[in-house]
Amino acid sequence: MTKPAKELVNYDELLKQEVAQIKDTIAAPSANTISTKGKLFTLPDGEQNPGPLSVVILDYISYNSKFPGVYDPNNIVPPECFAVGKKISDLAPSEMSPNKQHKDCTGCPQNQWGSGVGKGKACKNTIRLAVVTPNAKASDQPMMITVSPTGLTPFSNYVSEIARELQAPPIRVTTEISFNSASQYPSLLFGSPVLHDNMEVMMSLRAKAQDMLLREPDVTRAKPTAEAA
């Protein structure tokens, strides 16, 4: 008597079902961000502050993002290509980018001056900061604030200054973040560094900060445009 043939299992279909359930098995991305819209610091709890904001910068990373079409603040869509990393020279599109524009960010045509509106870049270069209040406790959650392209040079100069003058990275000092009054946009300035004595807590919070900073955006709604060259 011959044995009945084993029924073929459609593993692709099973995996699709599993993917559909993934959102129920993982935590939602952190929304613990500080908005700078309207040149006001809006904290996660809704409190608004015109600044300066006194914080400790636990860590920071570079974040590049290219969006499809023209940016519309009333219709925020996910980036079609993005890169997250500590070292600017090593930045390259994430494997999760729906439409990679180039093999790396340095040589990407979309990351060159003049590729966007006017003399700007089509790819938006920003820096993400993970911050806490100077009197933070180990149980606190870091907050994220994004430095727009106009604030990149002031931030770089500030980091270089405290390294030179205080032999310290940002996590070692309290920092005052304020808005540049000469700019109509919420461009950030950094200053007034003071060494603090809360390093044990700050170092204990750094892992949380790095996890938040490296979290990639949800690009499931991104619609790829033309193929990259």
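Residues numbered from 1 in each chain as written. Predicted model: local features only at pLDDT ≥ 70, side-chain atom pairs only at ≥ 80, totals over all residues. Heavy atoms only, no water.

1. What about the overall build of the chain?
Within the chain, the secondary structure is distributed over three helices and eight strands. Ordered by position in the sequence, the α and β elements of the chain form the string α-β-β-β-β-β-β-α-β-β-α. Contacts in the chain between residues at least 24 apart in sequence constitute 57% of all its contacts with a sequence separation of at least 6. In the form shown here, the chain has an accessible surface area of approximately 14500 Å², with 55% of it arising from carbon and sulfur atoms. (Helix = DSSP H or I, 4+ residues; strand = E, 2+ residues; numbered from the N terminus. Contact = heavy atoms within 4.5 Å. Areas by Shrake-Rupley, 256 points an atom, 1.4 Å probe, with all protein chains shown as cover.)

2. Details of the packing of aromatic side chains
One pass over the full model with this rule turns up five aromatic pairs. Arranged with centres 5.1 Å apart and planes meeting at 80°, the rings of Y60 and F155 form a pair that is edge-to-face. Of the two residues, Y60 is situated in strand β3 (residues 53–66) and F155 in helix α2 (residues 152–166); the sequence distance between them amounts to 95 residues. Using a relative accessible area of 23% as the deciding quantity, one classes Y60 as partly exposed. For the pair F155 and F190, a centre-to-centre distance of 5.1 Å together with 70° between the ring planes defines the contact as edge-to-face. A residue pair is termed long-range when its members are at least 10 positions apart, and F155 in helix α2 and F190 in strand β8 (residues 188–195) qualify at 35 residues. In this structure, F155 and F190 share a single accessibility class: buried. Aromatic rings pair up to connect Y60, F155, Y158 and F190 into one cluster. We note K121 situated over the ring of W113; from NZ or CZ to the ring centre the distance is 4.9 Å. The positively charged end of R128 is found above the aromatic ring belonging to Y63, 4.0 Å away from the centroid. (Phe/Tyr/Trp six-rings, centres within 6.5 Å; stacked < 30°, edge-to-face > 60°. Buried < 20%, exposed > 50% of the residue type's maximum accessible area, 1.4 Å probe, protein only. Lys NZ or Arg CZ within 6 Å of the ring centre and 35° of its normal.)

3. Details of the pairing of strand β7 (residues 173–179)
The side chains of a regular strand alternate between both faces of the sheet. Most of β7 is tucked away, with five of its seven residues classed as buried. As paired elements, β3 and β7 share three bridges and run antiparallel to each other. Across the sheet, residue L53 finds its bridge partner in β7, namely I177. Pairing of β7 with β8, which is carried by six bridges, proceeds in the antiparallel orientation. Within the sheet, the bridge partner assigned to V173 lies in β8 and is L195. (Pairing = 2+ DSSP bridges.)

4. Quick word on the environment of K37
Mapped onto the elements of the fold, K37 is located in the loop between α1 (11–21) and β1 (41–42). A sequence separation of 148 residues divides K37 from Y185, and the C-alpha atoms of the two residues are 8.6 Å apart.

5. Here's the deal with the confidence of the model for the chain
Per-residue confidence for the chain gives a mean pLDDT of 83, with 81% of residues at or over 70. Low pLDDT (under 50) marks residues 19–30, which in the prediction has four contacts with non-local residues, meaning those over four places away or in another chain. (pLDDT = per-residue confidence, 0-100.)

6. Points about the nonpolar core
In terms of nonpolar packing, the biggest core is built from 23 residues, with I34, F41, L129, V131, L188 and F190 touching the most fellow members. Broken down by secondary-structure element, the contributors of at least two residues to this core are β3, β5 (123–132), β6 (143–147), α2, β7 and β8. Top contributing element to this core by residue count: α2, with five residues. When neighbours within four sequence positions are excluded, I34 is seen to be in contact with F41, T42, L43, P44, L53, V131, M143, M144 and I145. L58, M144, A209 and V219 belong to the second-largest nonpolar core, a separate cluster that totals 17 residues. (Core = buried A, V, L, I, M, F, W, Y, C linked by side-chain atoms within 4.5 Å.)

7. Observations concerning the side chain of T174
Residue placement: T174 occurs in strand β7. For T174, a relative accessible area of 14% puts it in the buried group. Apart from residues lying up to four places away in sequence, T174 is in contact with V55, V56, P134, Y158, S192, P193, V194 and H196.

8. So, helix α3 (residues 199–213)
The terminal C-alpha atoms of α3 lie 20 Å apart, and with 15 residues this matches the ideal 21 Å at 1.5 Å per residue to within 8%. At R206, α3 is bent by approximately 35°, the largest bend along its length. Residues of α3 that are buried sit in contact with β3, β4 (81–85), β5 and β6. (Expected span 1.5 Å × (residues − 1). Bend = angle between axes of the 7 residues up to and from the residue.)

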